[in-house]
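One-letter residues, chain by chain:
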Amino acid sequence: MSKRLSGKSLNVKKDNESKKHATPAIDPVMKKRVLIGGAIGLVVIIALTWGLIMYYGDSVVARVNGINIMGADVQPQLGTANQRLQHHVEPITDWERAVREEAVRIAALNKLYEDYGRGLGLSFGANDSPALITNTVTNAIVDDPSLFADFERFMPEDLTIDAYARALEIVERLRAGEDFDTLMAIYGEDPGMVQNPEGYNFLAHQMVPEFTEGTLALEIGEIGDPVQSDFGFHIIMRIEPDPDNIMQGAVPAEGEEVLGAKHILVAATRTAEADRMAQAVHAGFQQQLEDANITFRGALNRVEI
């Protein structure tokens, strides 16, 4: 009897021991939650890793309105960017960063031209320079009135119009009593007057016809209305000539008159309509760049200066 009891007792002990070491059953709901949580965590890790790679490790250094700007686009623009910032009024704390960002803006402007051109169906090769792309797109816009309509509001005034208005203002001030030499020093754009502050002594053939005719139309000491030549607008004051100091040491022929004159030159060139239209297109793209959403990325810091 005691042997049987002790056998039974041994079996009970064995059962208790196996229960102790048995793996507890996992709740199916909990198991599902663990699996979902793990999957989400893995996705987050992958996303963060990919984001870091994309932000710091790739060659996209900025995005402008969704357009990628690559390091290779920025590198050639660093010299121009550096020159532009030399004239910057505000102090720059991080010079290298500022140069990189300015180079991005230059590259971005080229990309805006290129993107617009592709929208028109124009094709560009991988080795096409930004200047070629810019000119191609500009010409396409200038040649199509329907396209140019979007840029027409940027048309600049003809430079001759603006210069003539400034010349008239100077004449009015002279006739109101202001000193000719003072205004000549401030507004005159003829470098020759710097070397000849007392005026030119010249023979008729030595000057452009408009200048000579404008001088001959005046009395000594008289100031004329603005006279236009290919150089701009001349405000001429006729002076007493000095025959001993004729320009370039010229010797007058017998009976040839020596003329004397000072002038205030307001420089201007006649701007062709096509040139003004091209300026309008450029101004339009500049405005697009100013309005653009530019995102600078971490990879920009690795562009070598």
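Refer to the structure printed above.
So, a few notes on the structure that sits alongside this text.

About the cut-offs
- Residues numbered from 1 in each chain as written.
- Predicted model: local features only at pLDDT ≥ 70, side-chain atom pairs only at ≥ 80, totals over all residues.
- Heavy atoms only, no water.
- Axes fitted to C-alpha atoms, helices over the stretch in contact; angles between N-to-C directions.
- Helix = DSSP H or I, 4+ residues; strand = E, 2+ residues; numbered from the N terminus.
- Parallel < 35°, antiparallel > 145°, perpendicular 65-115°, else oblique.
- Left-handed = near helix turned anticlockwise from the far one by under 90°.
- Contact = heavy atoms within 4.5 Å.
- Nonpolar A, V, L, I, M, F, W, Y, C, P; charged D, E, K, R; others polar.
- Buried < 20%, exposed > 50% of the residue type's maximum accessible area, 1.4 Å probe, protein only.
- Phe/Tyr/Trp six-rings, centres within 6.5 Å; stacked < 30°, edge-to-face > 60°.
- 1 Å grid on protein atoms, 1.4 Å probe; cavity = no way out; pocket = protein on both sides within 12 Å on 5 of 7 lines; lining within 4 Å.
- Points joined across faces, edges and corners; volume = space filled by probe spheres on them.
- Pairing = 2+ DSSP bridges.

So, the packing of helix α5 (residues 95-119) against helix α12 (residues 273-291)
The geometry of α5 relative to α12 is characterised by a closest axis approach of 10 Å and an angle of 115 degrees between their N-to-C directions. Considered as vectors, α5 and α12 are oriented roughly perpendicular to each other. The crossing of α5 and α12 is right-handed. Taking contact as the criterion, the partners of Arg105, Ala108, Leu109, Leu112, Tyr113 and Tyr116 in α5 are, on α12, Val281, His282, Phe285, Gln286, Gln288 and Leu289. Looking at the contact of α5 with α12 residue by residue, the classes come out as 8 nonpolar, 3 polar and 1 charged.

Some remarks on the environment of Glu222
Within the secondary structure layout, Glu222 lies in the loop between α11 (209-216) and β4 (227-229). What makes Glu222 partly exposed here is its relative accessible area of 34%. Taking the C-alpha atoms as reference, Glu222 lies 8.1 Å from Ile239; in sequence the two are 17 residues apart. For Glu222, the residues in contact, after removing those within four places along its chain, are Ala217, Ile236, Met237 and Arg238.

What about the packing of aromatic side chains?
Applying the stated criterion across every chain yields a total of 6 aromatic pairs. Ring geometry for Tyr113 and Phe285: centres 4.0 Å apart, planes at 25 degrees, overall stacked. Placement of the pair is Tyr113 in helix α5 and Phe285 in helix α12, with a sequence separation of 172 residues. With a relative accessible area of 2%, Tyr113 lands in the buried category. Judged by relative accessible area, which is 0%, Phe285 ranks as buried. Ring geometry for Phe151 and Phe285: centres 5.5 Å apart, planes at 35 degrees, overall tilted.

What to know about the layout of surface pockets
A volume near 270 Å³ is recorded for the largest pocket. Contributing to the lining of the largest pocket are 14 residues, with Asp73, Lys111, Glu114, Asp128 and Pro130 lying nearest its centre. Of all elements in the fold, only α5 and α6 (130-142) reach the threshold of two or more residues within the lining of the largest pocket. Each residue belonging to the lining of the largest pocket can be placed in one class, and the counts come to 6 nonpolar, 3 polar and 5 charged. Quantified by volume, the second largest pocket comes out at close to 160 Å³. Lining the second largest pocket, in full, are Glu189, Asp190, Pro191, Tyr200, Gln206, Met207, Val208, Phe211, Phe231, His234, His263 and Leu265. Along the lines of polarity and charge, the residues of the lining of the second largest pocket split into 7 nonpolar, 3 polar and 2 charged.

Some words on the pairing of strand β5 (residues 232-238)
Along β5, 7 of the 7 residues are buried, which leaves the element largely enclosed by surrounding structure. For β5 and strand β6 (residues 258-267), the ladder comprises 7 bridges, and the chain directions are antiparallel. Looking across to β6, one finds that Phe233 is bridged to Val266.

A look at the pairing of strand β2 (residues 67-70)
What you see with β2 is a clean split: Ile67 and Ile69 sit on the buried side and Asn68 and Met70 on the side with no burial. Here strand β1 (residues 60-64) pairs with β2 via 4 bridges, running antiparallel. Within β2, the residue paired with Ala62 across the bridge is Ile69.

Focus on unusual backbone geometry
Located in the positive-phi region is Asn65, a residue other than glycine, with phi close to 50 degrees. The residue Asn65 is located in the loop between β1 and β2 in this model. We classify Asn65 as partly exposed; its relative accessible area is 49%. For Gln248, which is not a glycine, the phi torsion comes out positive at approximately 60 degrees. Of note, Gln248 is situated in the loop between β5 and β6.

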